[in-house]
Amino acid sequence: MFLYFSFSGCSGSRSSKTFKPKKNIPEGSHQYELLKHAEATLGSGNLRMAVMLPEGEDLNEWVAVNTVDFFNQINMLYGTITDFCTEESCPVMSAGPKYEYHWADGTNIKKPIKCSAPKYIDYLMTWVQDQLDDETLFPSKIGVPFPKNFMSVAKTILKRLFRVYAHIYHQHFDPVIQLQEEAHLNTSFKHFIFFVQEFNLIDRRELAPLQELIEKLTSKDR
């Protein structure tokens, strides 16, 4: 199995290549200040503390800021291994032999389709990007309320982003090691898991492909 762990921080060799354009939070906005707060707290090394809702802040806004950040992190992580994730190497989107994902977005593709991992991840990241760019779903201006279905949309985004982590760990961990990206991947995933656990954002059944890894990563911080 792929259980190699190190948390010594991010490697200096990381590629700046991203799979999709990075989603920027407008500088000077309250969400930008929240992102800076999150980054500062992460620097303390205590991920359990870092994911907690800051006192006096709105939960929707906190989830929105972190969802954008996770999109950017996964975008960069997947960008480093796109040369290894091809139509030939990954003809189906899977996370090990037991878990296979078929794509549907409910609008353009209503009936789930079986497709290669690169095609699935392209669909997925494009769909997430469209949600993040929708000001009615992810308002960036102060005073504009979040819609009533915001948390439901955020949960779907995070559930789907998890599948990219699961695919990387199960199918591409060897190249991650070769690229010296495992510390970066492990720290990013640990942060992601602590966040979704803190606010109960992903059903436990959805996390099953990486359950063993999750238990190993989180056991020291209980």
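Reading guide: rules and limits
- Residues numbered from 1 in each chain as written.
- Predicted model: local features only at pLDDT ≥ 70, side-chain atom pairs only at ≥ 80, totals over all residues.
- Heavy atoms only, no water.
- UniProt positions renumbered as here; feature names shortened; annotations may be inferred.
- Helix = DSSP H or I, 4+ residues; strand = E, 2+ residues; numbered from the N terminus.
- Buried < 20%, exposed > 50% of the residue type's maximum accessible area, 1.4 Å probe, protein only.
- Contact = heavy atoms within 4.5 Å.
- Phe/Tyr/Trp six-rings, centres within 6.5 Å; stacked < 30°, edge-to-face > 60°.
- Lys NZ or Arg CZ within 6 Å of the ring centre and 35° of its normal.
- Salt bridge = Lys/Arg side-chain N within 4 Å of Asp/Glu carboxyl O.

Engineer: Just checking my understanding: could you explain the UniProt feature "binding site: Zn(2+)" (unreviewed entry) in the chain for this structure?
Structural biologist: As annotated in UniProt, the feature "binding site: Zn(2+)" (unreviewed entry) corresponds to Cys85, Cys90, His167 and His172 in the numbering used here. For the residues just named, distributed over 88 residues, the greatest C-alpha separation is only 9.9 Å, placing them together at one site. By the element assignment, Cys90 lies in the loop between helix H3 (59-81) and strand S1 (93-94). In this structure Cys90 comes out as buried when scored by relative accessible area, which is 5%. The residues contacting Cys90, other than those within four sequence positions of it, are Cys85, Ser116, Ala117, Pro118, His167 and His172. Relative to the elements of secondary structure, His167 occurs in helix H5 (residues 150-171). Setting aside anything within four residues of it in sequence, one finds His167 in contact with Cys85, Cys90, Met93, Ser94, Ala95, Ala117, Ile121 and His172.

Engineer: Sorry if this is basic, but what is going on with the packing of aromatic side chains here?
Structural biologist: Two aromatic rings are characterised by how far apart their centres lie and by the angle between their planes. For the structure shown, the criterion picks out 15 aromatic pairs. A centroid spacing of 6.3 Å and a plane angle of 40 degrees characterise the contact between Tyr101 and Tyr120, whose relative ring orientation is tilted. Remark: Tyr120 occurs in helix H4 (residues 117-133) and Tyr101 occurs in strand S2 (residues 100-101); sequence separation between them is 19 residues. Here Tyr120 falls in the buried class, since its relative accessible area comes to 0%. Seen in terms of ring centroids, Tyr165 and Phe192 are 5.0 Å apart; in terms of plane orientation they differ by 55 degrees. Their pairing is tilted. Here Tyr165, found in helix H5, pairs with Phe192, found in helix H7 (residues 182-198); they are 27 residues apart in sequence, far enough to count as distant. The exposure class of Tyr165 is buried, given its relative accessible area of 1%. Residue classification places Phe192 among the buried positions, given a relative accessible area of 0%. Residue placement shows Lys119 over the ring face of Tyr123; its charged tip is 5.6 Å from the ring centre.

Engineer: Is there a simple way to explain the side chain of Glu61 in this structure?
Structural biologist: The residue Glu61 is located in helix H3 in this model. In this structure Glu61 touches His30, Gln31, Leu34 and Phe146, once residues within four positions along its chain are discounted.

Engineer: Just checking my understanding: could you explain the pattern of salt bridges for this structure?
Structural biologist: Side chains bearing opposite charge may pair, as long as their charged atoms lie close to each other. Counted by the stated rule, this structure contains three salt bridges. A salt bridge links Glu206 to Arg163; its shortest N-O distance comes to 3.4 Å. Separated by 43 residues along the polypeptide, Glu206 in the loop between H7 and helix H8 (211-218) and Arg163 in helix H5 bring together distant segments of the chain. The class for Glu206 is partly exposed, based on a relative accessible area of 23%. Take Arg163: its relative accessible area is 10%, and that puts it in the buried class. The partner of Arg205 in a salt bridge is Asp203, with the nearest N and O atoms 3.1 Å apart. Among the residues examined, Asp203 registers a relative accessible area of 38% and is labelled partly exposed.

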